[in-house]
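Remarks on the overall topology
This is what each chain is made of:
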Amino acid sequence: MTSARTKFYLDKRNKKWKGVCAGIADYSGIDITVVRIGLVIMTILGGFPWTLIAYWLTAWMAPVKPLDLYEESPEERKFWQGVRANPRRTTRDVRSRFRDLDRRLADVELYVTSSNSRLAREIEQLR
C-alpha cells in the first residue's frame, strides 16, 4: 500500500492548463519551468501526437492533489519528494539521524550519571 504522499497527483494550484506538468514537477522535485520546457521540446522534436496523448491521458486518469497534503511546509514537501525519488536513501538518512541522536543522548546520559562532582554541586544548588 502506498502512502498518499508518494502518489502522483495533478497540481491544480500551480497549473497552467490541466496541472500535469505541475504534478510532474511536484512529484519529481524538478523546477516546473524545466518540466514545461521539456514537454514543449519533446513535442516539437518528434513526439507530437504521443506527448499530447500522454498528457491528456494523465490529466484524465490522475487524481487531483489534496490541498492539505503537505500542510504547506517546504521541509515536508522536500522530504516527500526525496522519498519518491529514492526511498532507500531517505530511509538510510532517517536511520542515520536516529543513530546520531541516540549517540548524543547516550553521551548526555553518561555525563549526567558520571561521578562529576561539579555537576553534582550545580544540581544540588538548583534544589
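Look above for the structure.
Here the residue numbering is sequential within each chain, running from 1 through the sequence in written order. Note on the predicted model: pLDDT of at least 70 is required for a residue's local features to be given, and 80 or more for side-chain atom pairs to be given and counted; whole-chain, interface and lining totals, by contrast, use all residues. The basis for every side-chain value is the complete set of non-hydrogen atoms in the structure, without hydrogens or water.

**Description of the environment of Leu101**
With respect to the helices and strands, the residue Leu101 is situated in helix H5 (residues 87-113). Residue burial is assigned from relative accessible area. The probe radius is 1.4 Å, only protein chains are included, and a residue is buried under 20% of its type maximum, exposed over 50%, and partly exposed in between. In this structure Leu101 comes out as partly exposed when scored by relative accessible area, which is 46%. Numbered from the N terminus, helices here are DSSP runs of H or I no shorter than four residues, and strands are runs of E no shorter than two.

**Here's the deal with helix H4 (residues 74-85)**
Here H4 spans 16 Å end to end across 12 residues, near enough to the 16 Å set by a 1.5 Å rise per residue. Within the span of H4, buried status applies to Glu76, Trp80, Gln81, Gly82, Val83 and Arg84. Contact definition: two residues touch when any of their heavy atoms are within 4.5 Å. On its buried face, H4 sits against helix H1 (20-28) and H5. A helix is expected to reach a length of 1.5 Å times the quantity of its residues less one.

**Quick notes on the packing of helix H2 (residues 32-44) against helix H3 (residues 48-61)**
Packing of H2 against H3 brings their axes to within 7 Å, and their N-to-C directions diverge by 140°. Taken together, the axis directions place H2 and H3 in an arrangement best described as oblique. Along the contact surface, H2 presents Leu39, Met42 and Thr43, while H3 presents Phe48, Thr51 and Tyr55. For this scheme, ten residues count as nonpolar: Ala, Val, Leu, Ile, Met, Phe, Trp, Tyr, Cys and Pro. Four count as charged, namely Asp, Glu, Lys and Arg, and the remainder, Gly too, count as polar. Of the residues in the contact of H2 with H3, the class split is four nonpolar, two polar and no charged. Axis definition: a line fitted to C-alpha atoms, limited for helices to the stretch in contact. Angles are taken between N-to-C directions and run from 0 to 180 degrees. Our angle categories are set so that under 35 degrees counts as roughly parallel, over 145 as roughly antiparallel, 65 to 115 as roughly perpendicular, and the remainder as oblique.

**A short note on the environment of Pro66**
As for its position among the elements, Pro66 is in the loop between H3 and H4. Considered as a pair, Pro66 and Gly29 are 37 residues apart in the sequence and their alpha carbons are 18 Å apart.

**Overview of the packing of aromatic side chains**
Where two aromatic rings form a pair, the distance of their centres and the angle of their planes describe that pair. Each Phe, Tyr or Trp ring, with Trp reduced to its six-membered ring, pairs with another whose centre is within 6.5 Å; inter-plane angles below 30 degrees give stacked pairs, above 60 give edge-to-face pairs, and intermediate values give tilted ones. For the coordinates displayed, the defined rule picks out three aromatic pairs. Both rings, one in Trp17 and one in Tyr55, keep their centres 5.4 Å apart while their planes meet at 20°; by these two values the pair is stacked. Taken together, the residues span a long stretch of sequence, with Trp17 in the segment before H1 and Tyr55 in helix H3 at a distance of 38 residues. On the basis of relative accessible area, Tyr55 is assigned to the buried category, the value being 7%. Taking the centre distance of 5.2 Å and the plane angle of 80° together, the rings of Trp17 and Trp56 count as edge-to-face. With a gap of 39 residues between them, Trp17 in the segment before H1 and Trp56 in helix H3 connect regions that are remote in the sequence. When its relative accessible area of 42% is taken as the criterion, Trp56 is described as partly exposed. Here the aromatic cluster, defined as three or more aromatic residues joined through ring pairs, consists of Trp17, Tyr55 and Trp56.

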